[in-house]
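Below are the chains, spelled out letter by letter.
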Amino acid sequence: MNVFNYYYSNVLKNETIEELEKNKDLAIKIKDKLIKSSYIYKKRFSEKIEKELLKRIEKSIIDESILVVIDDSNLLSSFGELFNDNDKVHYFNSNLSVDKILEEIKLLEETNFHILYLAQDNEMSALVFRLLRNVLKRQSADALDKITVLVDEDSKYIDYIREEKYYYLSFKSHDELLISSLVILLSYLGKDEKSFLKGIEEEKEDFVRSDFKDNKVLIYSLIRYCLFNKGINKELVICFNEKLKPLIEYFKMLFNDYSRNNVYYDLISVNEIKRSMKFDDVFETFILVNKAEGDLILGIEDKDLDDLNYLFGRKLSYLNKTLETAISIKHSENNISNSIISLDRMDEEALGHLYMFLTLVSKVSRSLFDIDDKGIDYIDSFKKIIL
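Residues numbered from 1 in each chain as written. Predicted model: local features only at pLDDT ≥ 70, side-chain atom pairs only at ≥ 80, totals over all residues. Heavy atoms only, no water.

Participant: I would appreciate a short explanation of the overall build of the protein in the present structure.
Facilitator: In terms of regular secondary structure, the protein is built from 16 helices and 10 strands. Counting the 387 residues in the protein, one finds 52% classified as buried. The contacts in the protein between residues at least 6 apart in sequence include a share of 75% that link residues at least 24 apart. When the accessible area of the protein is evaluated, it comes to approximately 20400 Å², of which 50% is carbon and sulfur surface. (Helix = DSSP H or I, 4+ residues; strand = E, 2+ residues; numbered from the N terminus. Buried < 20%, exposed > 50% of the residue type's maximum accessible area, 1.4 Å probe, protein only. Contact = heavy atoms within 4.5 Å. Areas by Shrake-Rupley, 256 points an atom, 1.4 Å probe, with all protein chains shown as cover.)

Here it is as C-alpha cells:
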C-alpha cells in the first residue's frame, strides 16, 4: 500500500469535472512555473551542515536543560506536539499571551537553555527573541554560544544578525528554511529525519513527474478552486487523529490566507457547523490514518447492559475505521463533495509526504487565486498604532 494517497468521491457534479478540464492548462502552466523556480529543484543544505548545527545545539544543552524555539509560523510546535516533546522543547510565537510569555521567562531564568530562532520578519517574534537573549546574557558570558538563528537572505533582520555576531544560517528559499528547521527538530527529538526527508522528496518527485490526471496536488488544488468559484466555499476538514490537528491548523492559516472563505477543522463542532451552513455550499476533506500506533481488542461482559457485546473480539482500530467510512458514506449520500487524504501510518515518512503535499497545494492555490505568496502584512498598522 502507498504510504500516502489522495482521491475524491464520485459526488462531484459533472459540471465540476468539466471545470477541472477547462482549467487543466492553467494548472499545468502553474506546475511548470513552480518546477522552473528554485523551490522544486533547489538543493537542500548538505547533511554535513545540518549535523554540525545539531551538534552545536546539543553541545550547549546540558542535563536538565531545554531547547527554546522561536517560530512565528507555529510549524515546529505542530510537529513537536505530534511527538509529545513538551519536556525537551519550549515554543514561542507571537500568539502567546503576555502572561504565558512572562511565565516561560520566569522558568527559563533558572534553567540552562539554547535558543533556535527562525527570524521571519515578525516584530513580536523579534521582541520575544530580544527578551530571551537578555535572559541568556544575565545567565552567562557565553550567551552567543547558546543562540542559533535561521534566516532568509532577504530578511530585514539579516544585517542586525550579522552585526551581533550570532551563529546563523541564511537561506535563499523560505521553504528550505522551514524544512531544515524541521530536520533539526526531528533529529534533536531522536526521530527519523531521513525518512521525513524521503517523504518530502518523493512527494516533490510525484508532483514533477505525474501528468495532470494522476497529479494529486493539481487535482486537489483545482477541485477546491472550482468549488469555491461555484459558491461552494465552506471547506470542512475532518481529521480523526487528534495528533494531526496542530499540523492541520498550520495549513489552515495558509489556506485561509488565500481562500477568502472559512475553513473548519474541529471534528467536535462538525454538527454545530453543519446547522449554521447550507449543505449546498459545503465540501469536505477527510484526513485518515489507516494503521493505528496501538490497538485494543474488546471483551465480553456477563450482563450486556449497554448492548455492546456484539462488538466482542473486534479491534478498537477496526471500529474507528468503520466510523470514518460510515461518516464519509453518509455525507456522500447527502451529495456533499468530499476528498480523502490518506496516510498508511503516521510516521516520519508519511508526515513528510503530507507536509510537502499541503505545501505544494498551498503554492498552486495561491497562483490560482492570484494571491501574493507573502500574505498579509500587519506591521505598518502595528507601528502606526504604537507610534
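From this point, the discussion proceeds with the structure in view.
Participant: What's the story with the packing of aromatic side chains in this structure? I'm lost.
Facilitator: By convention here, two paired aromatic rings are described through the distance between centres and the angle between planes. Across all of its chains, the model carries 10 aromatic pairs by this definition. Here a set of aromatic residues connected by ring pairs shows up, and it is made of Y117, F129, Y160 and Y166. One residue, R224, lies across the ring of Y220, its end atom 5.8 Å from the ring centre. (Phe/Tyr/Trp six-rings, centres within 6.5 Å; stacked < 30°, edge-to-face > 60°. Lys NZ or Arg CZ within 6 Å of the ring centre and 35° of its normal.)

Participant: Help me understand the environment of S65 in this model?
Facilitator: Structurally, S65 can be placed in the loop between α4 (47–60) and β2 (66–70). The exposure class of S65 is buried, given its relative accessible area of 11%. Between the C-alpha atoms of S65 and E110, which are 45 residues apart in sequence, the distance is 9.8 Å.

Participant: Looking at this model, I keep getting lost on a nonpolar patch on the surface. Mind explaining?
Facilitator: A contiguous nonpolar patch, built from M124, L127 and L131 and spanning about 220 Å² of accessible area, is present on the exposed surface. Along the polypeptide, L127 turns up in helix α7 (residues 123–139). Accessibility expressed as a relative area gives 40% for L127, which makes it partly exposed. (Patch = residues over 30% accessible without salt bridge, like charges linked within 9 Å, V, L, I, M, F, W, Y side chains within 5 Å. Salt bridge = Lys/Arg side-chain N within 4 Å of Asp/Glu carboxyl O.)

Participant: Even after reading the chapter, I still don't get the pattern of salt bridges, so can you show me in this structure?
Facilitator: Pairing is possible between side chains of opposite charge, provided their charged atoms come close. Counted under the stated rule, the structure contains 16 salt bridges. The salt bridge partner of D175 is K363, with a shortest N-O separation of 3.1 Å. Residue D175 is located in helix α9 (residues 174–188), and its partner K363 is located in helix α15 (residues 348–369); the two are separated by 188 residues in the primary sequence. Judged by its relative accessible area of 13%, K363 is buried. In the salt-bridge network here, residues are joined through shared partners; they are K198, E202, D344, R345, D347 and E349.

Participant: Help me understand the packing of helix α2 (residues 24–36) against α15, please; the structure alone is not making it clear to me.
Facilitator: When two helices pack together, you describe them by how their axes are tilted relative to each other and by the distance separating the axes. Interhelical geometry of α2 versus α15 gives an angle of 125° and a closest axis separation of 10 Å. Between α2 and α15, the crossing angle belongs to the class labelled oblique. The hand of the α2/α15 crossing is right-handed. Contacts between α2 and α15 involve L26, I30 and L34 on the former and, on the latter, K363, V364, S367 and L368. Here the residues of the contact of α2 with α15 are counted per class, giving 5 nonpolar, 1 polar and 1 charged. (Axes fitted to C-alpha atoms, helices over the stretch in contact; angles between N-to-C directions. Parallel < 35°, antiparallel > 145°, perpendicular 65-115°, else oblique. Left-handed = near helix turned anticlockwise from the far one by under 90°. Nonpolar A, V, L, I, M, F, W, Y, C, P; charged D, E, K, R; others polar.)

Participant: I keep staring at the nonpolar core and nothing clicks. Help me out?
Facilitator: Side chains that are nonpolar tend, in soluble globular proteins, to be buried together. Within the largest apolar cluster, 78 residues are counted, with the highest numbers of intra-cluster contacts made by L75, F79, L150, L244, I341, Y355 and F357. Of the residues forming this core, the biggest block, 12 residues, is contributed by α15. Once residues lying within four places of it in the same chain are set aside, the contact partners of Y355 are L75, F79, L178, I179, L182, F196, I200 and F251. Counting residues in each nonpolar core, the second largest holds 25 residues, with A119, V135, L136 and Y166 among its members. (Core = buried A, V, L, I, M, F, W, Y, C linked by side-chain atoms within 4.5 Å.)

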